[in-house]
Every structure is written in structure tokens, then in C-alpha cells.
Amino acid sequence: MVGYDPEAKCVSTAEAAAAGSASGLVTRVLVSPLDVVKIRFQLQIEQLSSRNPTAKYHGILQAVQRIFREEGLTAFWKGHVPAQFLSVGFGAVQFMAFESLTELVHKVTSFDGRHSLVHLLCGGLAAGTATIAVQPVDTLRTRFAAQGEPKIYPSLCRAVVTMYQTEGPRTFYRGLTPTLVAIFPYAGLQFFFYNILQQFAEGVIPAEGKKRGNVKNLVCGSCAGVISKTLTYPLDVVKKRLQVGGFEHARAAFGQVRTYGGLLDCMRQIMREEGPGGFFKGLSPSLLKAACSTGLVFFWYELFCGLLCALKSPESTRRKAG
């Protein structure tokens, strides 16, 4: 169902956008706590270790307990409103672009739109397009998830006005370069491995087991998410560090803060002060989140597309007429 298939095409571009939006919305609600923990880990300068007395966070369970104790349950959904705008917008643009690109490749070139390499290229281009469209919302989401108590930004509107007045319009695109550099291989590899794993599953799952297609989609999506996240994770850390630039005063309660002059300067400082491990801070919750979010995104997208196809089937039309 993901990508253009001339033999089973029953979802229009608009319907793909709707299914992508719904998929992103449901998934975001479920994985938001993992995202908050991941961002806190990524932004922490101190080593993520219980042996470091200055480190605020040093493990997933410890971080969850501390955030809950200090900030309450709602802290795990900090920045949820801009995050939902991000997920809904990103899901709509990404899947709409992906379906359109794979169809275009299939119709105007000699390549099969269902080939894994086509999915790699189209997945990266679709995600890049979606990233440019929603980058300002992603920056807002990161700021909200990163701030402690008392809050610097009490509301979304106040955050937009304050950031624009004090830092200018370019601040909404902080971290765009590493985001684009990272998102192309990350998303491309997601679609690439999802396609490969689906083909593999089709060959090894017996006929009676293929009725459980939704479970297969969830497992294939989760595995694809873990592989692609591991390969592209360092750039995600750099992106988060750059997105909170100019926001250092709100980070003081979490430990040391740094100011970065750009992508290369950020990478140099991380390597010099934190070593290679600094590029993989927060990897554990990120992999857990990647497994859950990617699996759920493909699961819900396939499910919603299946429902849209079922609603347009002749049997459904006859039942409505009757």
C-alpha cells in the first residue's frame, strides 16, 4: 500500500495526505513521552552517567522519574500542540509527496515504482519537502520540550511573538541544514528497509499468516525505524543543539549550556568536549521511539488507506445504495 502500485492503486493523492495526517496525529500522542526524554538527553552537555554527580539525567527510568517528580505528568507532553502540528503537517506532505513521486517515476521512467531503490530516493525527497514545510513548528516543539520550570514560553502564540521579536524570523529555521542532511537518508532508509522487509515477509510468511497484515506492517516499520535511526542519529543531536541556540537562559536549570556558531562548530565542540559518545546521547530512548513511531506510522497509514479503499469498494457502494 505504501508507494505507487499500478495493480492495487485505490488511494488518491489527497487521500494519501489525509491518511498520513491521521497516522501522524495518533502516533504523536502515543510517543510524545519518549520524545521529551530523548530531547532532554540530547541537550545535556554532561555525561549521561550515574557516576557523574553534575548530570541531571543518566538513564531512561531515572529521567522519567525525575521529570515526573519535578514537573508533573503533563511534562511528558510539553510542546504537544506544536508537535501535533508538526506530525500532522509532516505526515500529510511526506506521504502525499511520496505517493506522487513513486507514481511519477513509474510512469515517466523505466524504473518500477515499487523497487526499493526508488523508495529510497523518493522517501528522502518527500521527507525533505515535508521538513522545509514544517521546520518552524519543529523548532517551536523543541523549545517547548526543552524548557524547564518556570516556563519561558507560557503559550504557543507567545513563543512565536517572543522568538520573532528577539531573534528574528531566521530563528524558526535554526538547525535546518543538519535537519535536511539527516532527514534525506533517514526517511529514505525508512522507506527502503520497510519495502525490503515487506518483500521478505511476503516470501516467508505462510498464506494463513498473511491475514495478520497489520501486525506485519507494525513489525516491518519498527525494524526499519531502528535501522535508519541508528545510521543517522548524530545529525539529529546536532540539529537539536542548534535549535535551542539563543535559548540558553532557559537551559540553565538542566546543567551546562553552550553556544554554537553553526553545524561544523557544533560538531567540533561536541567532539572536543564530549567525545564520539556525545553524538549518541539519548540513543536508547531514540531507538525505542523510532521503533514505536515508525512502526505506528506505517501501521496507521496502511490501516487508514485500507479503510479508504474499503469505503470505495463495489461491495461498500452497494451496501450504501441498499
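Residues numbered from 1 in each chain as written. Predicted model: local features only at pLDDT ≥ 70, side-chain atom pairs only at ≥ 80, totals over all residues. Heavy atoms only, no water.

### Let's talk about the overall build of the chain
Then, in step 1: Helices and strands together make up the secondary structure of the chain, namely ten helices and zero strands.
Then, in step 2: Listing the helices and strands of the chain from first to last along the sequence gives α-α-α-α-α-α-α-α-α-α.
Then, in step 3: Overall, the C-alpha framework of the chain stretches about 65 × 40 × 40 Å when taken along its three principal axes.
Then, in step 4: Taken over 322 residues, the chain has a buried fraction of 51%.
Then, in step 5: In the chain, of all internal contacts separated by at least 6 residues, the share reaching a separation of at least 24 is 79%.
Then, in step 6: As presented, the chain carries roughly 14900 Å² of accessible surface, and 66% of it is formed by carbon and sulfur atoms. (Helix = DSSP H or I, 4+ residues; strand = E, 2+ residues; numbered from the N terminus. Buried < 20%, exposed > 50% of the residue type's maximum accessible area, 1.4 Å probe, protein only. Contact = heavy atoms within 4.5 Å. Areas by Shrake-Rupley, 256 points an atom, 1.4 Å probe, with all protein chains shown as cover.)

### Remarks on the packing of helix H1 (residues 13-43) against helix H2 (residues 60-71)
Then, in step 1: The contact between H1 and H2 brings their axes to 10 Å, and the two run at 100°. Relative to H2, the element H1 lies roughly perpendicular. Where H1 approaches H2, its residues Val36, Val37, Arg40 and Phe41 are matched on the opposing element by Ile60, Ala63, Val64, Ile67 and Glu71. (Axes fitted to C-alpha atoms, helices over the stretch in contact; angles between N-to-C directions. Parallel < 35°, antiparallel > 145°, perpendicular 65-115°, else oblique.)

### A word on the UniProt feature "repeat: Solcar" (unreviewed entry) in the chain
Then, in step 1: In the numbering used here, UniProt assigns the feature "repeat: Solcar" (unreviewed entry) to residues 11-104, 114-200 and 212-307.
Then, in step 2: Secondary structure content for residues 11-104 is 72% helix and 0% strand, and the end C-alpha separation is 15 Å. (UniProt positions renumbered as here; feature names shortened; annotations may be inferred.)

### What about empty space enclosed by the protein?
Empty space left among the atoms is revealed by rolling a probe the size of a water molecule over them.
Then, in step 1: If you walk through the whole model with that rule in mind, you get three cavities of 30 Å³ or more.
Then, in step 2: Considered as a void within the structure, the largest cavity measures approximately 780 Å³ in volume.
Then, in step 3: Together, 39 residues line the largest cavity, and Arg28, Phe90, Ile183, Tyr186 and Lys289 are the ones closest to its centre.
Then, in step 4: Counting only elements with at least two residues in the lining of the largest cavity, the list comes to H1, helix H3 (80-108), helix H4 (116-146), helix H6 (176-204), helix H7 (213-243) and helix H9 (283-311).
Then, in step 5: When residues in the lining of the largest cavity are grouped by element, the largest group, eight residues, is from H6.
Then, in step 6: Considering only residue class, the lining of the largest cavity consists of 15 nonpolar, 15 polar and nine charged. (1 Å grid on protein atoms, 1.4 Å probe; cavity = no way out; pocket = protein on both sides within 12 Å on 5 of 7 lines; lining within 4 Å. Points joined across faces, edges and corners; volume = space filled by probe spheres on them. Nonpolar A, V, L, I, M, F, W, Y, C, P; charged D, E, K, R; others polar.)

### Remarks on a nonpolar patch on the surface
Then, in step 1: A cluster of nonpolar side chains, contributed by Leu25, Val29, Leu30, Phe68, Leu73 and Trp77, occupies part of the molecular surface with about 560 Å² of accessible area.
Then, in step 2: Looking at the nonpolar patch, the element that brings in the most residues is H1, giving three residues.
Then, in step 3: With respect to the secondary-structure elements, Phe68 resides in helix H2.
Then, in step 4: Taking relative accessible area as the criterion, Phe68 reaches 48% and is therefore assigned partly exposed. (Patch = residues over 30% accessible without salt bridge, like charges linked within 9 Å, V, L, I, M, F, W, Y side chains within 5 Å. Salt bridge = Lys/Arg side-chain N within 4 Å of Asp/Glu carboxyl O.)

### Here we look at the packing of aromatic side chains
Then, in step 1: Scanning all chains against the criterion turns up eleven aromatic pairs.
Then, in step 2: Relative to Phe191, the ring of Phe95 lies with its centre 6.0 Å away and its plane at 70°, an arrangement referred to as edge-to-face. A residue pair is termed long-range when its members are at least 10 positions apart, and Phe95 in helix H3 and Phe191 in helix H6 qualify at 96 residues. Here Phe95 and Phe191 have matching classes, each one buried.
Then, in step 3: Ring geometry for Tyr194 versus Phe298: centroids 3.9 Å apart, planes at 5°, classification stacked. (Phe/Tyr/Trp six-rings, centres within 6.5 Å; stacked < 30°, edge-to-face > 60°.)

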